[in-house]
Amino acid sequence: MGELSAAIDHLATEDVSEIPRIQLAEQLLELHWQMARLQAQIARRTGVRLP
């Protein structure tokens, strides 16, 4: 979860106009996958399952 928080904080402080679009897309994809992994971990630990 620390990785997700760090990624969010990192993106929040950057001026996106200074980031090449491909790098921004890569960062957003990585953030998406980190969030998906976190959701899966939470679901496993709490017993919550999607229909």
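Everything quoted here is computed from the prediction, not taken from an experiment. (Residues numbered from 1 in each chain as written. Predicted model: local features only at pLDDT ≥ 70, side-chain atom pairs only at ≥ 80, totals over all residues. Heavy atoms only, no water.)

**Q** Requested: an account of the overall build of the protein chain, with residues and values cited.
**A** Of regular secondary structure, the protein chain possesses two helices and zero strands. On C-alpha atoms alone, the protein chain measures out to a radius of gyration of 14 Å, which is more than a quarter above the 10 Å that the 2.2 N^0.38 rule sets for 51 residues. Along the three orthogonal principal directions, the C-alpha set of the protein chain runs to about 40 × 20 × 10 Å. Here the protein chain, with 51 residues, has 18% of them falling under the buried criterion. Carbon and sulfur atoms make up 61% of the accessible area of the protein chain, which totals about 4400 Å². Distance between charge centres in the protein chain, computed from 5 positive and 7 negative side chains, equals 17 Å. (Helix = DSSP H or I, 4+ residues; strand = E, 2+ residues; numbered from the N terminus. Rg over C-alpha atoms; globule rule 2.2 N^0.38 Å. Buried < 20%, exposed > 50% of the residue type's maximum accessible area, 1.4 Å probe, protein only. Areas by Shrake-Rupley, 256 points an atom, 1.4 Å probe, with all protein chains shown as cover. Lys, Arg positive; Asp, Glu negative; His and termini not counted. Charge placed at Lys NZ, Arg CZ, Asp CG, Glu CD.)

**Q** Please give an account of helix α2 (residues 21–46) that cites residues and values.
**A** Between its first and last C-alpha, α2 extends 37 Å over 26 residues, near the 38 Å set by a 1.5 Å rise per residue. When we look at burial in α2, the residues that qualify are L24, Q27, L31, Q34, L38 and A43. Elements in contact with the buried residues of α2: α1 (2–13). Positive backbone phi, at 75°, marks G47, one or two positions downstream of α2. (Expected span 1.5 Å × (residues − 1). Contact = heavy atoms within 4.5 Å.)

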